[in-house]
Amino acid sequence: MNKLMLTYLLISFLFLSCAGLLIGFAILSEAAERAPPTISNIAFEILLRQCPLTGAIVNAIFMFATFLVSLPALALPMNRGWLKLQGWLVVLCSVFTLSLGLFVWFDTLQTRSNLNGVWGRQGAEVQSLLQQRFNCCGYLDSTSPPFIRDTTCPSASVAAMKGGCVGPFSAFANNYLDLIFTAAFGIVGVDVLLLLCNVMVLKYRYEQERYKHIDEKNGF
């Protein structure tokens with residue numbers, strides 16, 4: 001086990017950790033979506049519905065399968081077939097993860113318009129929770145769409161003074177979604193590292209096999 005193989009093994013386990021992180025986030029997010037809405041979780045719950053959680057689970061499964069393919073490659077010191085298969089699977093995983101990250105990133109470019117539609121699809125109870133969460137009334141302003149009367153917005157005069165939720169809700173959404181797509185791009189970076197290690201191990205094993213054939217020809 002030389003330094004190259006130790007590095008390859010380390011990056012492989014880092015890749016596996018990313019798969020676990022991805023599927024853990026997706027499962028916890030789906031559980032959060034099913035939780036009763038409260039002031040503290042309502043904004044997260046709405047934003048999670050906009051994320052491709054099913055795609056994240058599928059991608060994590062591909063990543064686990066890719067790691068399993070690396071085990072025969074580690075067990076067979078001169079084998080290159082399993083390494084080549086793993087390399088192609090890593091490329092597939094990286095493209096998949098990059099697509100998920102870009103999907104979330106594109107959403108952040110149109111946060112205000114997207115959230116306008118999201119706000120309109122919510123019932124009065126959810127809109128009231130959002131008003132209480134961000135201390136605002138209505139979406140664009142207190143009249144567009146009309147605010148929901150609650151403890152935060154008890155009257156039209158108070159609602160007009162507080163303003164709409166578009167500003168604080170959009171800022172919160174951008175910060176939260178930024179973390180998600182940044183994490184996705186970070187996982188792509190790990191994919192690239194694993195692919196580079198994969199290529200280096202392939203080259204190393206090719207050279208070892210070539211030297212072996214040379215030694216055999218020379219009678220060693």
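- The protein is annotated in an unreviewed UniProt entry as Tetraspanin of Trichodelitschia bisporula.

1. Quick notes on the state of the cysteines
- In the structure shown here, the tally under the stated rule is two disulfides.
- Paired through a disulfide, Cys136 and Cys165 show a sulfur-sulfur distance of 1.8 Å. Taking the sign of the S-S torsion, about 100 degrees here, the bridge from Cys136 to Cys165 comes out right-handed. With Cys136 in the loop between helix H6 (124–134) and helix H7 (156–162) and Cys165 in the loop between H7 and helix H8 (166–217), the pair connects residues that are 29 residues apart, well separated along the chain. Just as Cys136 is buried, Cys165 falls in that class too.
- Between the sulfur of Cys137 and that of Cys153 lies a disulfide, 1.9 Å long from S to S. With the S-S bond torsion at -100 degrees, the cross-link from Cys137 to Cys153 turns out left-handed. One end of the pair, Cys137, is in the loop between H6 and H7; the other, Cys153, is in the loop between H6 and H7, and 16 residues separate them in sequence. Cys153 shares its class with Cys137; the two are buried.
- Assigning the bonded cysteines of the protein consecutive numbers by sequence position, one obtains the connectivity 1-4, 2-3.
- You can see Cys18 has no disulfide; the closest cysteine sulfur is in Cys93, sitting 11 Å from it.
- Judged by its relative accessible area of 10%, Cys18 is buried.

2. Some words on the layout of surface pockets
- By volume, the largest pocket is sized at about 280 Å³.
- Within the residue set of the lining of the largest pocket, elements represented by two or more residues are helix H1 (3–34), helix H3 (53–75), helix H4 (81–109) and H8.
- With six residues, H8 is the largest single contributor of residues to the lining of the largest pocket.
- Tallied by class, residues from the lining of the largest pocket come to 15 nonpolar, two polar and no charged.

3. Some thoughts on the nonpolar core
- Within the largest apolar cluster, 26 residues are counted, with the highest numbers of intra-cluster contacts made by Ile46, Leu130, Phe134 and Phe169.
- Among the secondary structure elements, those contributing two or more residues to this core are helix H2 (42–49), helix H5 (111–121), H6 and H8.
- A per-element tally of this core places H8 first, with eight residues.
- Aside from chain neighbours lying at most four places away, what touches Phe169 is Ala43, Ile46, Leu115, Trp119, Leu130, Phe134 and Tyr139.

4. Quick notes on the UniProt feature "transmembrane region" (unreviewed entry) in the protein
- In the UniProt entry, the feature "transmembrane region" (unreviewed entry) is given for residues 55–76, 88–106 and 179–202.
- Between the end C-alpha atoms of residues 55–76 the distance is 33 Å, and the span holds 95% helix and 0% strand.
- Split by type, residues 88–106 is 100% helix and 0% strand. Its first and last C-alpha atoms lie 27 Å apart.

5. Observations regarding a nonpolar patch on the surface
- On the surface, Leu98, Leu102, Trp105, Phe106 and Leu109 cluster together into a nonpolar patch covering about 440 Å² of accessible area.
- A residue is classified by how much of its surface remains accessible, and Phe106, at 47% relative accessible area, is partly exposed.

6. A few points about the environment of Leu92
- With respect to the helices and strands, Leu92 occurs in helix H4.
- Taking the C-alpha atoms as reference points, Leu92 and Met63, separated by 29 residues in sequence, lie 9.2 Å from one another.

7. What to know about the pattern of salt bridges
- Taken as a whole, this structure holds two salt bridges when the rule is applied.
- One salt bridge in this structure joins Glu207 and Lys203, with 2.6 Å as the shortest N-O distance. Within this pair, Glu207 and its partner Lys203 are both found in helix H8, separated by four residues, close to a single helical turn.

8. Details of the side chain of Ser170
- Assignment of secondary structure puts Ser170 in helix H8.
- If we skip the residues at most four places from it in the chain, Ser170 touches Thr111, Arg112, Leu115, Tyr139 and Cys165.

9. Some details on the packing of H1 against H2
- Between H1 and H2, the least distance of the axes is 9 Å, while the angle of their chain directions is 120 degrees. With respect to each other, H1 and H2 are oriented oblique. Relative to H2, H1 is oriented so that their crossing is left-handed. Residue-level inspection shows Phe25, Ser29, Ala32 and Glu33 of H1 in contact with H2, the latter providing Glu45, Leu48 and Arg49.
- Grouping the constituent residues of the contact of H1 with H2 by class yields three nonpolar, one polar and three charged.

About the thresholds
Residues numbered from 1 in each chain as written. Predicted model: local features only at pLDDT ≥ 70, side-chain atom pairs only at ≥ 80, totals over all residues. Heavy atoms only, no water. Disulfide = S-S within 2.5 Å. Helix = DSSP H or I, 4+ residues; strand = E, 2+ residues; numbered from the N terminus. Buried < 20%, exposed > 50% of the residue type's maximum accessible area, 1.4 Å probe, protein only. 1 Å grid on protein atoms, 1.4 Å probe; cavity = no way out; pocket = protein on both sides within 12 Å on 5 of 7 lines; lining within 4 Å. Points joined across faces, edges and corners; volume = space filled by probe spheres on them. Nonpolar A, V, L, I, M, F, W, Y, C, P; charged D, E, K, R; others polar. Core = buried A, V, L, I, M, F, W, Y, C linked by side-chain atoms within 4.5 Å. Contact = heavy atoms within 4.5 Å. UniProt positions renumbered as here; feature names shortened; annotations may be inferred. Patch = residues over 30% accessible without salt bridge, like charges linked within 9 Å, V, L, I, M, F, W, Y side chains within 5 Å. Areas by Shrake-Rupley, 256 points an atom, 1.4 Å probe, with all protein chains shown as cover. Salt bridge = Lys/Arg side-chain N within 4 Å of Asp/Glu carboxyl O. Axes fitted to C-alpha atoms, helices over the stretch in contact; angles between N-to-C directions. Parallel < 35°, antiparallel > 145°, perpendicular 65-115°, else oblique. Left-handed = near helix turned anticlockwise from the far one by under 90°.

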